[in-house]
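# Examining the three-dimensional arrangement
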Amino acid sequence: MRLILLGPPGAGKGTQAQRLVEKHGIPQLSTGDMLRAAVKAGTEVGKRAKAIMDAGGLVSDEIVNQIVSDRVGEPDAARGFILDGFPRTVPQAEALTRILAGKGQELDAVIELKVDENALLKRMEKRVADTKAAGGQVRADDNPESFKKRLDEYREKTAPLSKYYAGTGQLKTVDGMADMDTVTAEIEKLVAAAVNA
Ligand SMILES: Nc1ncnc2c1ncn2[C@@H]1O[C@H](COP(=O)(O)OP(=O)(O)O)[C@@H](O)[C@H]1O
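Let us look at the structure shown here.

Cut-offs used in this document
Residues numbered from 1 in each chain as written. Predicted model: local features only at pLDDT ≥ 70, side-chain atom pairs only at ≥ 80, totals over all residues. Heavy atoms only, no water. Near = heavy atom within 4 Å. Polar contact = N/O pair within 3.5 Å; in protein donor to acceptor, adjacent residues only side chain to side chain. Areas by Shrake-Rupley, 256 points an atom, 1.4 Å probe, with all protein chains shown as cover. Helix = DSSP H or I, 4+ residues; strand = E, 2+ residues; numbered from the N terminus. Salt bridge = Lys/Arg side-chain N within 4 Å of Asp/Glu carboxyl O. Buried < 20%, exposed > 50% of the residue type's maximum accessible area, 1.4 Å probe, protein only.

## Quick notes on the site of the ligand
Around the ligand, the structure places 19 residues, and the nearest of them are Thr31, Arg36, Gly57, Gly85 and Arg150. One of the side-chain nitrogen or oxygen atoms of arginine 36 is found 2.9 Å away from an oxygen atom of the ligand. If the ligand stood free it would expose 550 Å²; the protein chains cover 97% of that surface. Sorting elements by how many residues they give to the shell around the ligand places helix H2 (residues 31–41) first, with four residues.

Here you go:
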């Protein structure tokens, strides 16, 4: 099963992706996590990406397309994967189609979590508070200024993907304002329908 989770920062993609991983035994491919790992490891990609990420901007399509192309070719992704945070632009979506076509694969579904924008800043602040309370490391881009930039980038470059995937007939939407378990149940219904289609 090959799935994309779409939605603004704070929509709950990471949480839902984790639940799908547990239930279906396929990996979550989060470009945000992969880029943060590259920053931490101090690789060339990490060095190029760090300042952009900290400010809430988007890393170049060229870099993320390459990362995803490499990652979907790894053995654990052969049976499927959940993409979280990719694609984030229409050119990335087009690149993904090419990458998968090169392997004779295609997507099963694109699931968009619809969330009221006013809730997103509060969710980010809660994530920061929870992380601090647990003694964890707060993300450099989880501050109001970078978060605002992330939302702006989302509106301008990522939101058009809904139309793109509506056009391919792959888009499904879920109410991301519902409680987490309800969202999970709704996603499972859509996944079951897509896989049996
Ligand atoms: N597909 C992508 N294209 C460009 N930049 C990306 C992509 N995925 C992640 N990034 C970079 O990593 C940052 C964090 O990504 P992610 O963890 O997915 O954030 P969020 O929690 O805001 O959804 C983004 O703000 C961006 O700088």
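## A look at the pattern of salt bridges
Taken as a whole and judged by the stated rule, the model has 18 salt bridges. Measuring nitrogen to oxygen at the nearest pair gives 2.8 Å for the salt bridge that ties arginine 36 to aspartate 33. Pair noted here: arginine 36 and aspartate 33 are both in helix H2, with a separation of three residues, about one helical turn. Residue classification places aspartate 33 among the partly exposed positions, given a relative accessible area of 42%. The salt bridge involving glutamate 44 is made with lysine 47; its shortest N-O contact spans 3.8 Å. Placement of both glutamate 44 and lysine 47 in helix H3 (residues 44–55) is noted, with a separation of three residues, approximately one turn of the helix. Accessibility assignment for this pair places glutamate 44 and lysine 47 in one class, exposed. Through salt bridges with shared partners, a single ionic network connects Arg127, Arg139, Asp141, Asp142 and Arg150.

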